[in-house]
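For reference, the chains in residue letters:
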Amino acid sequence: MEQVLATFRKHDKSGNGTIGKEDLHRLLANLDNSGFWTEEKVQMVLDIVGSDSSGRVALDQFCSSLYTGTDYEQVRASLKKVMDAPEWDDGSYAPLLIRLAWHSSGTYSKADGTGGSNGATMRHAKEAGDPENAGLDKAQEYLEPVKAQFPWLSYADLWIMAACVAIEHTGGPKVPFRGGRIDGVSEQAIAPGRLPGAEKGLADGFELNDQGRLKGWENLAQHIRDVFGRMGFSDKEAVVLISGGHVYGRCHTGSSGYAGAWVENPTIFSNEYAADMVGDKWIAVQHDTKMPDGGPVPEEVRPAPGKRQYIDLSKYMPEEGEEAARSAPDATQFPPGRYRCASQWVNCREQPETDSAIIGRFNQDQVLSLVSVKTFGTAVRGLAERGGWVSIVGSGGKNLFLREGDLEPQSLTGRYRSIVVAGSPFYASVTASEGAGRTKAGEEFCVGEVAFGQDGDLQGAILGKRVDPGDGQTSWVLLFSPASGISCELVVQGYNEKPRKPIVGQTGHQMMLVSDMVLLWDEGFRKHLEVYAEDEAALKADFGEAFQRLTELGCPWSNDLGSGEPSAGAAFSAGGCPFLAAQATQ
């Protein structure tokens, strides 16, 4: 920064270390002829730094703003707000954004310095057309509103920051982010062929050896080793990047031709990918394979015709000595109240039955207000204030939620959505009979006070006093009653700003690509996979380091620069100015 500030001071005509907007724009245009500094970009920085009453800004403040992390924190905050989306796969965009960063970085070649995240060249047709990048246009489109909010930020930096935020948001490691990547031109785009191919090198057909492995798997293992070796990664780093990356998201036949998720909960960081691959039994399938029970491959994990993958046999071959018959637990031991999730994650279902559609998931240490508790078979399930049922005690007897205390009226205040067709009734008081009027179906309103009904038809009910303008203002609205259940659901940011819908493909089946399975079959890969299958903490730490290195390949500050000349870049928040990049790297 000092070198840049010294350059600015050489051109200071004011004598007091300040400069006006027009003079600043002319100065930057003279110092950098790339066209980066438009009037809009200059104004964006001035809006952040602030200027005096005459419209002048101190040069040292302007220069400092280019190197501070304040603006990055604003971007992080905006990215966190868009991570969870009920309408997208498994309720989260995080896996897709992680894949975008991984694929934009995974084209790097240490031999000539081409490819990598510095350039965001997947924006161009040649690289976007790589079959391995199918579906990533959706990720780019999804980030456009954030880009519009922060136009000074390069796409290259935005994509990587989004992934770093996504990993941390889903319980993964905090990956350090350094900005300064520059958006490349179409000539820098990488032709298809550098990303790992899921079946590259396999023999044609569906011939298996006596261990159930598709013929030619050794060629595929070498392909994976070659791809990561081209970037400068070891076998261990290859395993950690795949194990940490494939714990997220799922494949779709419409994009890749493959189908299904690698793990049960593909929106949270864990070592389940490695543990399940090592510990479970897997069977090779194609589109028309018959399963051990004589039925077709489950739709959730059925690949498109011509594609081959593996699926977990756990649902077809349960382990011996499973749970003995259990008696139904006493639901009175679990009265309504505030409960904390004690498991790594728990499904939330539309109805209390175990075959009901999954509409969301709650992660460890999340606290819910459960307004009703019932016994179903050998499980105890609770109705959440935001809608949906969770298991307090699972069918196998495991405690999944722990009670922390009684329902707290204050924690139940907030914005509500009416979910019953007929609307929810208004009451003049918490002891009155039903008054005139009802909410409209789908209507949202604010509740500033919550009370619990004590007598008559309202005994055990929960009512909220409407405080915003609209029909029934100052009236008490029925939120829940033992007889009819939830009539209005609490709207929780990041969970149900839009009404929750059943998440597709949630039968619990898991899949592995053949390129995943070679990590189990190849001895050089397997020894590392087994470590991560047993040690989630080691996977978390190593994945954080490897992912940072992956996403910095080809950047000027990276220790992995190849022999070629990468695009200029620098660690400053205004993103992508070649002049500042050159000054910062001297």
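That block above? That's the structure.
Here's a quick rundown of the structure. All figures in this text were calculated on a predicted structure; none of them were measured in a lab.

## What to know about the overall build of the protein
Working step 1: Scanning the protein from terminus to terminus reveals 16 helices and 22 strands.
Working step 2: Expressed as a percentage of its 586 residues, the buried residues of the protein come to 52%.
Working step 3: Considering only contacts in the protein between residues 6 or more positions apart, those separated by 24 or more positions represent 67%.
Working step 4: With the model as given, the accessible surface of the protein reaches about 25,400 Å², and the carbon-plus-sulfur share is 48%.

## Some words on the pattern of salt bridges
Working step 1: All chains considered together, the criterion is met by 24 salt bridges.
Working step 2: Notably, a salt bridge pairs Asp90 with Arg361, separated by 3.9 Å at the nearest N-O pair. One end of the pair, Asp90, is in the loop between α5 (70-81) and α6 (94-105); the other, Arg361, is in strand β9 (residues 358-363), with 271 residues separating them in the sequence.
Working step 3: According to the relative accessible area criterion, Asp90 is buried, its value standing at 8%.
Working step 4: Its relative accessible area of 13% is what places Arg361 among the buried residues.
Working step 5: It is possible to trace a salt-bridge network through shared partners that takes in Asp90, Arg250, Glu300 and Arg361.

## Digging into the layout of surface pockets
Working step 1: Roughly 900 Å³ of internal volume is contained in the second largest pocket.
Working step 2: In this structure, the second largest pocket is lined by 38 residues; those nearest its centre are Arg99, His103, His246, Cys251 and Trp262.
Working step 3: The set of elements that each furnish at least two residues to the lining of the second largest pocket consists of α6, α10 (217-231), α11 (235-245), β3 (250-251) and α13 (514-521).
Working step 4: Considering each element in turn, the lining of the second largest pocket owes the most residues, six residues, to α6.

## So, the side chain of Gln140
Working step 1: By the element assignment, Gln140 lies in helix α8 (residues 136-149).
Working step 2: Ignoring anything within four residues of it in the chain, the contact list for Gln140 reads Leu100, Met122, Arg123 and Trp159.

## As for the packing of α6 against helix α9 (residues 155-169)
Working step 1: Relative to each other, α6 and α9 sit at 135°, their axes nearing to 8 Å. The angle between α6 and α9 places the two elements in the oblique class. Relative to α9, the crossing made by α6 is left-handed. Facing α6, whose interface residues are Ala94, Leu97, Ile98, Leu100, Ala101, Ser104 and Ser105, α9 presents Trp159, Ile160, Ala162, Ala163, Ala166 and Ile167.
Working step 2: Of the residues that constitute the contact of α6 with α9, the class distribution is 11 nonpolar, two polar and no charged.

## Some details on the packing of aromatic side chains
Working step 1: Considering all chains together, one arrives at 13 aromatic pairs under this definition.
Working step 2: Each ring, one from Trp217 and one from Trp521, has its centre 5.7 Å from the other, and the planes form 70°; the classification is edge-to-face. Of the two residues, Trp217 sits in helix α10 while Trp521 sits in helix α13, which places them 304 residues apart along the sequence. In this structure, Trp217 and Trp521 share a single accessibility class: buried.
Working step 3: Relative to Trp521, the ring of Tyr310 has its centre 5.5 Å away and its plane inclined at 70°; by these criteria the two rings are edge-to-face. You can see Tyr310 sitting in strand β6 (residues 309-312) and its partner Trp521 sitting in helix α13, a full 211 residues away along the chain. Exposure class is identical for Tyr310 and Trp521. Each is buried.

## A word on the sheet that holds β6
Working step 1: The sheet built from three strands is open, its strands ordered β5-β6-β22 with antiparallel pairing. Each end of this open sheet is capped by a strand with a single partner; those strands are β5 (282-285) and β22 (511-513). Between one strand axis and the next, the sheet turns through 30° on average, direction left out of account.
Working step 2: Sheet topology places β6 next to β22; three bridges connect them, and they run antiparallel.

## A few points about the environment of Lys21
Working step 1: With respect to the helices and strands, Lys21 occurs in helix α2 (residues 21-31).
Working step 2: Taking the C-alpha atoms as reference points, Lys21 and Arg56, 35 residues apart in sequence, are found 6.7 Å from one another.
Working step 3: The residues contacting Lys21, other than those within four sequence positions of it, are Glu39, Val42, Gln43, Leu46 and Gly55.

## Some details on the nonpolar core
Working step 1: Of all hydrophobic cores here, the largest spans 91 residues; its most connected members are Val75, Leu79, Phe228, Leu241, Tyr273, Tyr310 and Phe547.
Working step 2: Among the elements that take part in this core, α9 stands out by supplying 11 residues, more than any other.
Working step 3: Every residue in contact with Phe228, bar those within four places of it in the chain, is listed here: Trp102, Pro196, Phe233, Ala238, Leu241 and Ile242.
Working step 4: Residues Ile392, Leu400, Phe426 and Cys488 belong to the second largest nonpolar core, which totals 36 residues.

## A closer look at empty space enclosed by the protein
Working step 1: In this structure the tally under the stated criterion is two cavities of 30 Å³ or more.
Working step 2: Volume-wise, the largest cavity comes out at about 60 Å³.
Working step 3: Lining the largest cavity are Val371, Glu385, Leu412, Tyr416, Ile462, Leu479, Phe480, Ile486 and Cys488.
Working step 4: Of the residues in the lining of the largest cavity, the class split is eight nonpolar, no polar and one charged.

Scoring rules and cut-offs
- Numbering of residues starts from 1 in each chain and follows the order in which that chain's sequence is written.
- The predicted origin of the model limits local features to residues at a pLDDT of at least 70 and limits the giving and counting of side-chain atom pairs to 80 or more, whereas totals for whole chains, interfaces and linings rest on all residues.
- Side-chain numbers come from the whole structure's heavy atoms, not from hydrogens or water.
- Counting from the N terminus, the helices are DSSP H or I runs at least four residues long and the strands are E runs at least two residues long.
- Think of it in three bands: residues with accessible area under 20% of the maximum for their type are buried, residues over 50% are exposed, and the middle band is partly exposed, with areas taken using a 1.4 Å probe on protein chains only.
- Whether two residues touch is decided by their heavy atoms; if any such pair falls within 4.5 Å, the residues are in contact.
- Computed with the Shrake-Rupley method and a 1.4 Å probe, the accessible areas treat only the protein chains shown as cover for residues.
- In the sections that follow, a salt bridge refers to a side-chain nitrogen of Lys or Arg positioned within 4 Å of a carboxyl oxygen of Asp or Glu.
- Residues are called lining when one of their atoms sits within 4 Å of a cavity or pocket point, these points coming from a 1 Å grid over the protein atoms alone, where a cavity is a set in which a 1.4 Å probe fits but cannot get out and a pocket is an open set with protein on both sides within 12 Å along at least five of seven lines.
- Grid points are joined across faces, edges and corners, and a volume is the space filled by probe spheres set on the points.
- Angles here are taken between N-to-C directions and fall from 0 to 180 degrees, while the axes themselves are lines fitted to C-alpha atoms, restricted in helices to the stretch in contact.
- For this classification, under 35 degrees means roughly parallel, over 145 means roughly antiparallel, 65 to 115 means roughly perpendicular, and everything else is oblique.
- Handedness of a crossing follows from how the near helix is turned relative to the far one, being left-handed for an anticlockwise turn of less than a right angle and right-handed for a clockwise one.
- Any residue outside Ala, Val, Leu, Ile, Met, Phe, Trp, Tyr, Cys, Pro, Asp, Glu, Lys and Arg is labelled polar, Gly included; the first ten of those are nonpolar and the last four are charged.
- Pairing of aromatic side chains here covers Phe, Tyr and the six-membered ring of Trp, requires ring centres within 6.5 Å, and sorts the geometry by plane angle: under 30 degrees stacked, over 60 edge-to-face, intermediate tilted.
- One bridge is not enough; two strands pair if DSSP finds at least two bridges between them.
- Nine residue types can take part in a nonpolar core, namely buried Ala, Val, Leu, Ile, Met, Phe, Trp, Tyr and Cys, and a core is a set of them joined through side-chain atoms within 4.5 Å.

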